Amino acid sequence: MAEVEFSGEVVEWRGPAPFHFLVVPAEGSEVLRRESAVVSYGWGMIPADCEIGEVRWRTSLWPKDGRYLIPLKDAVRRAAGIALGDEVEVRVRTAGPCGPADRDALVALVRRIQAGEAATEAEEDWLARLERSLPGSRVVDLVLLGDPELGALTPEQVVDIATARRAGG
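These numbers were taken from a predicted model, which means no experiment stands behind them.

Student: Help me understand the overall build of the protein, please; the structure alone is not making it clear to me.
Tutor: The secondary structure content of the protein amounts to six helices and seven strands. Listed by position from the N terminus, the elements making up the protein come as β-β-β-α-β-β-β-α-β-α-α-α-α. For the protein, buried positions account for 42% of its 169 residues. A sequence separation of at least 24 residues applies to 61% of the contacts in the protein between residues at least 6 apart. As presented, the protein carries roughly 9200 Å² of accessible surface, and 53% of it is formed by carbon and sulfur atoms.

Student: I would appreciate a short explanation of the packing of aromatic side chains in the present structure.
Tutor: The geometry of an aromatic ring pair is captured by the separation of the ring centres together with the interplanar angle, meaning the angle of the planes. Evaluation of the coordinates by the stated rule reveals four aromatic pairs. Here the aromatic rings of F19 and F21 are separated by 6.2 Å at their centres, their planes lie at 40°, and the arrangement is tilted. Overall, the relative accessible area of 34% leaves F19 in the partly exposed class. Look at F21 and W62: their rings are 4.8 Å apart centre to centre, the planes differ by 65°, and that puts the pair in the edge-to-face class. One end of the pair, F21, is in strand β3 (residues 18–23); the other, W62, is in strand β5 (residues 55–64), and 41 residues separate them in sequence. Counting every residue linked through ring pairs, the aromatic cluster contains W13, F19, F21 and W62.

Student: I tried to follow the environment of V140 on my own but got confused; where do I start?
Tutor: Following the sequence through the fold, V140 ends up in helix α5 (residues 139–145). Along the chain, V140 and A162 lie 22 residues apart, while their C-alpha atoms are 9.8 Å from each other.

Student: In this structure, what is going on with the environment of V159? I would like to understand it.
Tutor: Mapping V159 onto the fold places it in helix α6 (residues 155–166). Separated by 56 residues in the primary sequence, V159 and R103 have C-alpha atoms spaced 7.0 Å apart. Not counting residues within four places of it along the chain, the set of residues in contact with V159 comprises R103, L106, V107 and V110.

Student: Please explain the pattern of salt bridges as it appears in this structure.
Tutor: Any two side chains of opposite charge can pair, so long as their charged atoms come close to each other. Using the criterion set out here, one finds 11 salt bridges in the structure. Where E5 meets R91, a salt bridge forms, and the shortest distance between an N and an O atom there is 3.6 Å. Linking E5 in strand β1 (residues 3–9) with R91 in strand β7 (residues 87–94), this pair joins segments that are 86 residues apart in sequence. Among the residues examined, R91 registers a relative accessible area of 29% and is labelled partly exposed. The closest approach of N and O atoms between R111 and E156, which form a salt bridge, is 2.6 Å. In this pair, R111 sits in helix α3 (residues 102–114) while E156 sits in helix α6, placing the two residues 45 residues apart along the sequence.

Student: Honestly, the nonpolar core in this entry has me stumped. Any pointers?
Tutor: Side chains that are nonpolar tend, in soluble globular proteins, to be buried together. Grouped together as the largest cluster of nonpolar side chains are 23 residues, with contacts concentrated most on L22 and I70. Secondary-structure elements contributing two or more residues to this core are β1, α1 (26–39), β4 (46–52), β5, β6 (67–71) and β7. Among the elements that line this core, the one with the most residues is β4, at four residues. Core analysis: the next-biggest nonpolar cluster, separate from the first, contains 13 residues, V110, L153, I161 and A162 among them.

The rules behind these values
Residues numbered from 1 in each chain as written. Predicted model: local features only at pLDDT ≥ 70, side-chain atom pairs only at ≥ 80, totals over all residues. Heavy atoms only, no water. Helix = DSSP H or I, 4+ residues; strand = E, 2+ residues; numbered from the N terminus. Buried < 20%, exposed > 50% of the residue type's maximum accessible area, 1.4 Å probe, protein only. Contact = heavy atoms within 4.5 Å. Areas by Shrake-Rupley, 256 points an atom, 1.4 Å probe, with all protein chains shown as cover. Phe/Tyr/Trp six-rings, centres within 6.5 Å; stacked < 30°, edge-to-face > 60°. Salt bridge = Lys/Arg side-chain N within 4 Å of Asp/Glu carboxyl O. Core = buried A, V, L, I, M, F, W, Y, C linked by side-chain atoms within 4.5 Å.

Encoded structure:
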């Protein structure tokens, strides 16, 4: 899981209803973007646990213009005593995969690794994240070596076999 801490100003976006957000700085957004292949559940949204002082909540980070936005619901702003324009310190931790799109995110990650799109260091980081997502499944062996009986595996096969092993199947 990735963790980012920063200080930011509470901003407003006016749509059908006004929304309040914190904008994650570029450097922090890049950290989150690297994690998104494993944790995003669709449209680039990232489940996250956030803290402002003693106030903690779970939300989804919104991708926008190369950065991420942290939504600040009214209840969070009231509990933290913050208002539009306030500068606040926030800690954000990705919360891990959730929901039915997890498989899609993992398949996309395996596909990138098998395509050799990652530099060696990044590939190792991706594999470590995939292994953490499916503990005890020997994902690294499946991704790089395939299966002794089946041979080379598609990304979908890797995820399905690893998931079955994790579940004890």
